[in-house]
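Fold and contact review
So you can see what is in the structure, the chains are spelled out below.
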Amino acid sequence: MSEPTKRVLLAAPRGYCAGVDRAVVTVEKALELYGPPVYVRKQIVHNKHVVSTLEKRGAVFVEETDEVPEGATVIFSAHGVAPVVHEEAKALSLRTIDATCPLVTKVHREAVRFADADFDILLIGHEGHEEVVGTSGEAPEHITLVDGPDDVANVSVRDPEKVVWLSQTTLSVDETMETVRRLRERFPALQDPPSDDICYATQNRQLAVKQMAPDCDLMLVVGSRNSSNSVRLVEVALEHGSRAGHLVDYADEIDEAWLDGVTTVGVTSGASVPEVLVRDVLTFLAERGYADVQPVVAAEESLLFALPNEIRRDLKANGMSDKMRHDGAFEESGSLH
């Protein structure tokens, strides 16, 4: 009998979402405009390759605002910051550029609105994640963190008739809905957010993996271990039928033993992963007989976010482009896009 044909199922969409694209371009443009060093509070996005590449160009990543020299430029990461961080920056006379993803900003505004209406807000998310820290900081007296379905039993509220849930934007859709279901069993009057908090890109990438997983002997997810949405993609793959799944930052992290007996490999990437890293994985697989690449298209994405107002103003004043997409020459010069 002939050997089964080896193939790759390649997820679409994958990789950069609009919020990540905006945040990375913000740092690139700031370096062009102001020159290095440009300070960035926390990792601009959760991807090892993106951070190390920007560091080489002159970006300086710090954990806290007080590590930025007085009067310098600081960029806030895509995950958002609490109001106290803006106050710290103002006290240090820092020039701030807020690269918070607009979809995260939407959750912040919802938190403020429901706190103003004196609701108890149940924020579904992972303790310690930067996005959760930022959202919680908008209304700490009103927000209770719910870290998954098993945490529901620990929740207490002041008035079960005035309760709303919000969520971190990068969670597993299925796990979040299970958490909401259990919360509603305890608090039947629980209100939903005005619009979906889990971002479109997170949902679309999970949807593609769900479609691919039953046909995959192995799912390779390109992404970093501190990337919540990347970690979720591996979990979703295993939950929906993939026989094995692994998260890798780079192609050279793939263990060839994972390919033993494998006919179909699924490949996708988290929402903070540049496409060059996916191409490296496809090259690695092609060299080992997996040259047949079949796309699995779960959704079409065309959303673009404009750059933050602070940097658009300065770019225009200096006669520089504030466009979100670069021409081919720029891409060849080593852009992260």
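Everything quoted here is computed from the prediction, not taken from an experiment. (Residues numbered from 1 in each chain as written. Predicted model: local features only at pLDDT ≥ 70, side-chain atom pairs only at ≥ 80, totals over all residues. Heavy atoms only, no water.)

Turning our attention to the overall build of the protein. Looking only at helices and strands, the protein has eleven helices and twelve strands in total. Since a compact globule built from 337 residues should have a radius of gyration of about 20 Å, the 21 Å found for the protein is in line with a globular shape. Its C-alpha atoms put the protein at 70 × 55 × 30 Å along the principal axes. Residues counted as buried form 53% of the 337 residues belonging to the protein. For the protein, long-range pairs separated by at least 24 residues make up 76% of all intrachain contacts whose partners lie at least 6 apart in sequence. Accessible area of the protein: about 14,800 Å², with a carbon and sulfur share of 49%. (Helix = DSSP H or I, 4+ residues; strand = E, 2+ residues; numbered from the N terminus. Rg over C-alpha atoms; globule rule 2.2 N^0.38 Å. Buried < 20%, exposed > 50% of the residue type's maximum accessible area, 1.4 Å probe, protein only. Contact = heavy atoms within 4.5 Å. Areas by Shrake-Rupley, 256 points an atom, 1.4 Å probe, with all protein chains shown as cover.)

By size, the foremost hydrophobic cluster in this structure holds 31 residues, and its most contacted members are Val-27, Ile-44, Val-45, Val-50, Leu-54 and Ile-75. At the level of elements, helix H1 (18-34), strand S2 (38-41), helix H2 (48-57), strand S3 (59-62) and helix H10 (309-317) are the ones that each hand at least two residues to this core. Ranked by residues supplied to this core, first place goes to H1 with eight residues. Excluding residues within four positions of it along the chain, Val-45 makes contact with Val-20, Ala-23, Val-24, Val-50, Val-51, Ala-78, His-79 and Ser-272. Counting residues in hydrophobic clusters, the runner-up holds 20 residues, among them Leu-218, Val-222, Val-262 and Leu-282. (Core = buried A, V, L, I, M, F, W, Y, C linked by side-chain atoms within 4.5 Å.)

Moving on, we get to the sheet that holds strand S8 (residues 163-167). Taken in spatial order, the three strands of this open sheet run S7-S6-S8, and their pairing is parallel. The strands lining the two open edges of the sheet, one partner per strand, are strand S7 (143-146) and S8. Neighbour-to-neighbour, the strand axes of this sheet turn through a mean angle of 30 degrees, independent of strand direction. Here strand S6 (residues 120-124) runs beside S8; their pairing, made up of five bridges, is parallel. Paired with Asp-120 across the two strands is Val-163, which belongs to S8. (Pairing = 2+ DSSP bridges. Axes fitted to C-alpha atoms, helices over the stretch in contact; angles between N-to-C directions.)

This next bit is on unusual backbone geometry. Cis geometry is adopted by the peptide bond preceding Pro-13, which originates at Ala-12 and carries an omega value of 0 degrees. Within the element layout of this structure, Pro-13 appears in the loop between strand S1 (7-12) and H1. For the bond from Pro-36 to Pro-37, the omega torsion is 0 degrees, close enough to zero to count as cis. Along the chain, the position of Pro-37 falls in the loop between H1 and S2.

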